[in-house]
Amino acid sequence: MTEEQEKERSEEVRSRLITNYVGVEESEDGLKIRFEGTEESLLAAARFISSELKCCAFAEYEITVSPPYEETALTITGPDGTREMFRNGLVARLEAKKP
């Protein structure tokens, strides 16, 4: 995949995340980003992780879907600076596009 194709794919995944974004919770070592509990949210979170592994392999990613399945949570943790990096990048974009 070319750099341009990767960028387009990344933007497509982010746009899917934006559509279902609910909010974010911060912890000492990361973020828990919450989305509506839809199949689209789950797939978009998984695609996001897949693309991020190429550039941010230092972070740990976890998707949580728990009964009653009203929410999909993407937790991102890692070394110092991880929370700030994703808050200033991904979360800032999600918040800017939130209806």
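Description of the structure in this document. These figures come from a predicted structure and were not determined experimentally.

### A few points about the pairing of strand β3 (residues 60–65)
As paired elements, β3 and strand β4 (residues 71–77) share 6 bridges and run antiparallel to each other. When the sheet's bridge partners are listed, Thr64 is paired in β4 with Ala73. Linking β3 to β4, which pair antiparallel, is a turn of 5 residues; within it Tyr69 sits at a positive phi near 65°.

### Let's talk about the pattern of salt bridges
Any two side chains of opposite charge can pair, so long as their charged atoms come close to each other. Evaluated as defined, the whole model comprises 5 salt bridges. In this structure, Glu26 engages Arg87 in a salt bridge whose closest nitrogen and oxygen atoms are separated by 2.8 Å. You can see Glu26 sitting in strand β1 (residues 21–27) and its partner Arg87 sitting in helix α3 (residues 82–97), a full 61 residues away along the chain. Put simply, Arg83 and Glu84 hold a salt bridge, and the shortest N to O gap is 2.8 Å. Shared partners join several salt bridges into a network, and the residues in it are Glu26, Arg83, Glu84 and Arg87.

### Observations regarding the pairing of β1
Bridge analysis of β1 against strand β2 (residues 30–36) gives 6 bridges, and the strand direction is antiparallel. Counterpart to Ser27 in the pairing with β2 is Gly30. The antiparallel pairing of β1 with β2 creates a hairpin that spans 2 residues between the two strands.

### Quick word on the sheet that holds β3
Spatial ordering of the open sheet is given by β1-β2-β4-β3, a layout of 4 strands whose pairing is antiparallel. At either end of the open sheet lies a strand with only one pairing partner, and these are β1 and β3. Neighbour-to-neighbour, the strand axes of this sheet turn through a mean angle of 15°, independent of strand direction. Note that β2 and β4 share 7 bridges and pair antiparallel. Its bridge partner lying in β4, Ile33 is registered against Leu74. α3 rests against β1, β2, β3 and β4 of the sheet, and its axis sits at about 25° to β2.

What counts, and at which threshold
Residues numbered from 1 in each chain as written. Predicted model: local features only at pLDDT ≥ 70, side-chain atom pairs only at ≥ 80, totals over all residues. Heavy atoms only, no water. Pairing = 2+ DSSP bridges. Helix = DSSP H or I, 4+ residues; strand = E, 2+ residues; numbered from the N terminus. Salt bridge = Lys/Arg side-chain N within 4 Å of Asp/Glu carboxyl O. Axes fitted to C-alpha atoms, helices over the stretch in contact; angles between N-to-C directions. Contact = heavy atoms within 4.5 Å.

The quantities given are spatial measurements derived from coordinates; they are silent on function.
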